[in-house]
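What follows is each chain in one-letter form.
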Amino acid sequence: MGRFDYVARRLLKSVAILLAIVVMNFLLIRMAPGDPASVIAGEAGAADAKYIAQLREQFGLDQPLTTQLALYVGGVVQFDLGFSYRNQRTVASMVGERLPATLLLTVTAFVLAIGIGVGLGVLAATRVGTWADSLVTVAALGFYATPLFWVGLMAILLFSVNLGWLPAFGMQTLGSQMTAGERAVDVARHLVLPATTLAVFFVAIYARLTRASMLEVQDMDFVRTARAKGLAPARILRAHTLRNAILPVITFAGIQAGQLVGGSIVVETVFAWPGIGRLAFEALLQRDYNLLLGVFFLTSVMVIAFNLITDLVYSMVDPRIEVGA
Amino acid sequence: MTEPLLSVRGLTIDLPPGSDRPHAVENIDFDLHANEILCLVGESGSGKSLTAAAVMGLLPQPSVKPSAGELTFEGRNLLSLSEGEWRQLRGRRLGMIFQEPMTALNPVMRVSDQILEVLQAHGEAGGMGRVMELLNAVNLPDPERLRAAYPHHLSGGQRQRVMIAMALALRPTILIADEPTTALDVTTQAQILALIRQLQSERQMGVLFITHDFGVVAEIADKVAVMQHGRIVELGSKHQVLEAPRHEYTKRLIAAVPTLDPPDRRPLDRAPTVLSVKGLGKTYKTAGGLFRPKRIVDAAKNVTLSIRKGETLGLVGESGSGKTTVGRCIIRLIDSDKGRIDFHGVDLNAFKGSALKPYRKRVQMIFQDPFASLNPRHKVGDIIAAGPIAFGTPPADAMKRAQDLLQLVDLDPVVVDRYPHEFSGGQRQRIGIARALALQPELLIADEPVSALDVSVQAQVLDLLADIKRRLNLSMLFITHDLRVAAQVCDRVAVMYQGEIVEQGSTAELFRHPTHPYTRKLLDAIPGKHWRTRAHA
């Protein structure tokens, strides 16, 4: 049983899960009151029954629910996410345009959260009982308890409004002539606040988790064996303690990846970051069924992909997990 | 007399305030010479492992620290070394192997890398080639394959060999072995003891060997130091300590070790049969998946045995042989796949669920781990009375009976209101026995009831079981890996190997004239088998 078979099996399962999610999303959205025809008609100031019926026919909303579902699922299977009548564009092109921004934001936040969180956790665990440990523990508790949007607003207030160090919103400075290098720096400067804001909550979680896990592993027999071999403390910490303590952190990171995508909706809204999170927010207000379903589909794909990657990474880091065994 | 490698004088190790005694180790003296195995023997809590840790500089400081004395090694007092100086000694001059081969190796690092690490840490040349040599030296099969292996790929014995290879990589002058065979099966234990003996004499090492098992002492020691409550109460040559002990405690410990000569017992041929198991089979399957093959393990194959009224049948074998599976099938904790379990002529396998209830009270079990098998949140009285109450006894009567039972197992009846954590291991096992007896069973299934206990406590619990069995005329299935215990307790013995009973017969006959090769191998592997058989019988 090789890794290839395992990935193939997991991908097959993922397809089944995705289909179930698509069906469920479709039905849930239809249960909410209002539809795109009534919103468009209302905005046009012509909400008479005849016009709405005409729009419904045009959008295919007059068909029985099962027919609509079959049509939609049939399209998704062929990677056709439908058409946004509201925006007069295909959903695929709209989410495709926004995806890179969201990926940039979430992946950066993920890396920051793991890097800083694990670093602080190790720092606290190796200095347990000192002021450094207390500081990390208390700070982690504080960040853990603070709502994301508030952290974002305060960061804007401090670093953009008062100090003027970093841009407050958007992904790049508009309307300026820049070389590729300058543009990269510009995007990076825009990225700092939203990515850090999104990461803060997870930094707190990983710091606490790493600290607890390190303290547990420190007392294990194989760490005593490592000492009995005459290894240097740095080597014991890296190759024996941290190497084992990181395992629960990885498991947790996989589960948390989904929440990261969810958190990005709030952060994108606060920082006007042009990602799919904001697209979802707009589509929701406009009852743009197809666009909303498209966003949901994409986020499910991301969550499932994050989970699969985590499981694969875990199987590489922990040899006891034999994939497929 | 040559200069000793290690000289311990007046060593005292303090325990943190609030412990049951102020010193873990108090004012002990001993010398370890080259080409000598010194066994530190004692019961749990006697301070033997902390003594070993002190010699390696591995005490869990600052809570436990040496407060007086000298450990002289190569002209230096070890107690005055800095951490950096300790690191130079550990691994290079002092090697150590530990009790639990399952947890003493890093689970996420290749075993070859874990050995290589020792060489690298001390700037030793040779690299992987030297690692392969070391794996060869500890007789591991197929060292090439082991290059890529992780600890979980290896058996307990193989892991312990890896530990030994690691400890001896840099040819230390002293090897400290802390209960290195306690977690191993008896046949594996015999091999590991032989390996330690062989390497020790090849390299003229001094070995400080910690153990609680006098059989192991008889097998491997040159000199013996007996520890009690942190003090060395007797120190001498193996012959002197084992054959002519002077201290009362040593005498008591040695007397508590069961001998391998089964006492003659009257046959129970005429007693009625209580339990008759025929063709019992249990197969564990892990379900396969779309791309995954099924895994099938035959834990019990065609097991046939019977127990008469008042008889104790021993079920012996190594870990994984299927002993516990058979016990659990009989008491219907798990369902067997094949065969009959006749209890007084009624096939228990024919019943399911509540229909079994009347039989549940007639067959009871005593479990191995007295710490894990009692609910820590329940009072002792409730634990014992729960069974009778479930069968309709009024709670007040059940509690009265619980007190009587505690008296029967030599505990004070007032302890009904205490919780399990307030008792020692031996006391807890007495509670476990009282619980099993509460329903007045006819058949007891005792699954390794004394293997978690110290030898003197073990002797008391075995005496208690024998006494109760005689008074209540109980039948018993006694599951054990310890052939010494089996020899003393059982009327008949059945030997299990890979799910099958390969031989059964009266204990005396089976111990004197084993016919199956596996039985002979088991008997041969018992440590110190020649000690206390001829001379002391």
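Residues numbered from 1 in each chain as written. Chains lettered and ligands numbered in written order. Predicted model: local features only at pLDDT ≥ 70, side-chain atom pairs only at ≥ 80, totals over all residues. Heavy atoms only, no water.

Draft legend 1. Expanded view of the overall build of chain B. A tally of helices and strands in chain B yields 19 helices and 20 strands. In terms of overall dimensions, chain B is globule-like: its C-alpha atoms have a radius of gyration of 25 Å, near the 24 Å expected for 537 residues. The buried share among the 537 residues of chain B stands at 54%. A total accessible area of about 23,000 Å² is found for chain B, and carbon and sulfur atoms account for 49% of it. For chain B, the centre of its 65 positive side-chain charges and the centre of its 59 negative side-chain charges are spaced 6 Å apart. (Helix = DSSP H or I, 4+ residues; strand = E, 2+ residues; numbered from the N terminus. Rg over C-alpha atoms; globule rule 2.2 N^0.38 Å. Buried < 20%, exposed > 50% of the residue type's maximum accessible area, 1.4 Å probe, protein only. Areas by Shrake-Rupley, 256 points an atom, 1.4 Å probe, with all protein chains shown as cover. Lys, Arg positive; Asp, Glu negative; His and termini not counted. Charge placed at Lys NZ, Arg CZ, Asp CG, Glu CD.)

Draft legend 2. Region of interest: the layout of surface pockets. Taken as a whole, the second largest pocket spans an internal volume of roughly 1,500 Å³. Together, 49 residues line the second largest pocket, and Arg-224 and Arg-227 of chain A together with Leu-58, Leu-59 and Pro-60 of chain B are the ones closest to its centre. Listed by contribution, the elements that provide at least two residues to the lining of the second largest pocket are helix 5 (91-126), helix 9 (221-228) and helix 10 (233-270) of chain A together with helix 1 (48-56), strand 4 (65-73) and helix 2 (83-89) of chain B. With five residues, the single largest contributor to the lining of the second largest pocket is helix 1 of chain B. Class assignment for the residues of the lining of the second largest pocket results in 24 nonpolar, 12 polar and 13 charged. (1 Å grid on protein atoms, 1.4 Å probe; cavity = no way out; pocket = protein on both sides within 12 Å on 5 of 7 lines; lining within 4 Å. Points joined across faces, edges and corners; volume = space filled by probe spheres on them. Nonpolar A, V, L, I, M, F, W, Y, C, P; charged D, E, K, R; others polar.)

Draft legend 3. Broad picture of helix 7 (residues 148-162) of chain A. Residues and elements named next belong to chain A. With 15 residues, helix 7 extends 20 Å between its outermost C-alpha atoms, agreeing within 8% with the 21 Å of an ideal straight helix rising 1.5 Å per residue. Within the span of helix 7, buried status applies to Val-151, Gly-152, Ala-155, Ile-156 and Ser-160. Directly beyond the C-terminal end of helix 7, a positive phi value near 65 degrees is found at Gly-164. (Expected span 1.5 Å × (residues − 1).)

Draft legend 4. Quick look at the sheet that holds strand 16 (residues 363-366) of chain B. Residue and element names in this part refer to chain B. Read across the open sheet, the six strands follow the order 16-17-18-13-19-20; overall the sheet is mixed. Every interior strand has two partners, whereas the edge strands, strand 16 and strand 20 (500-506), have only one. Between one strand and the next, the sheet's axes are offset by a mean angle of 20 degrees, whatever the strand orientation. In this sheet, strand 18 (residues 475-480) lies alongside strand 13 (residues 312-316) in parallel orientation, the contact comprising five bridges. Residue pairing for strand 18: Leu-313 is matched across the bridge by Leu-477. Across the sheet, helix 19 (residues 517-525) touches strand 19 (492-497) and strand 20, and the angle it forms with strand 19 is around 100 degrees. (Pairing = 2+ DSSP bridges. Axes fitted to C-alpha atoms, helices over the stretch in contact; angles between N-to-C directions. Contact = heavy atoms within 4.5 Å.)

Draft legend 5. Quick peek at the interface of chain A and chain B. On the side of chain B, 31 residues touch chain A, which itself brings 27 residues to the contact. The contact between chain A and chain B buries some 2,500 Å² in all, and 60% of this surface belongs to carbon and sulfur atoms. Contact with chain B buries area across many residues of chain A, yet Arg-227, Ala-228 and Lys-229 of chain A alone supply 24% of it, more than any other trio. Summed over the shared surface of chain A and chain B, the result is two salt bridges. Between Lys-229 of chain A and Glu-117 of chain B there is a salt bridge whose closest N-O contact spans 2.8 Å. Connecting chain A to chain B are 14 residue pairs in polar contact (both at pLDDT 80 or more). Of all elements in the fold, only helix 1 (3-31), helix 9 and helix 10 of chain A reach the threshold of two or more residues within the side of chain A that touches chain B. Broken down by class, the residue content of the side of chain A that touches chain B amounts to 12 nonpolar, five polar and 10 charged. (Buried area = accessible area lost by both parts, 1.4 Å probe. Salt bridge = Lys/Arg side-chain N within 4 Å of Asp/Glu carboxyl O. Polar contact = N/O pair within 3.5 Å; in protein donor to acceptor, adjacent residues only side chain to side chain.)

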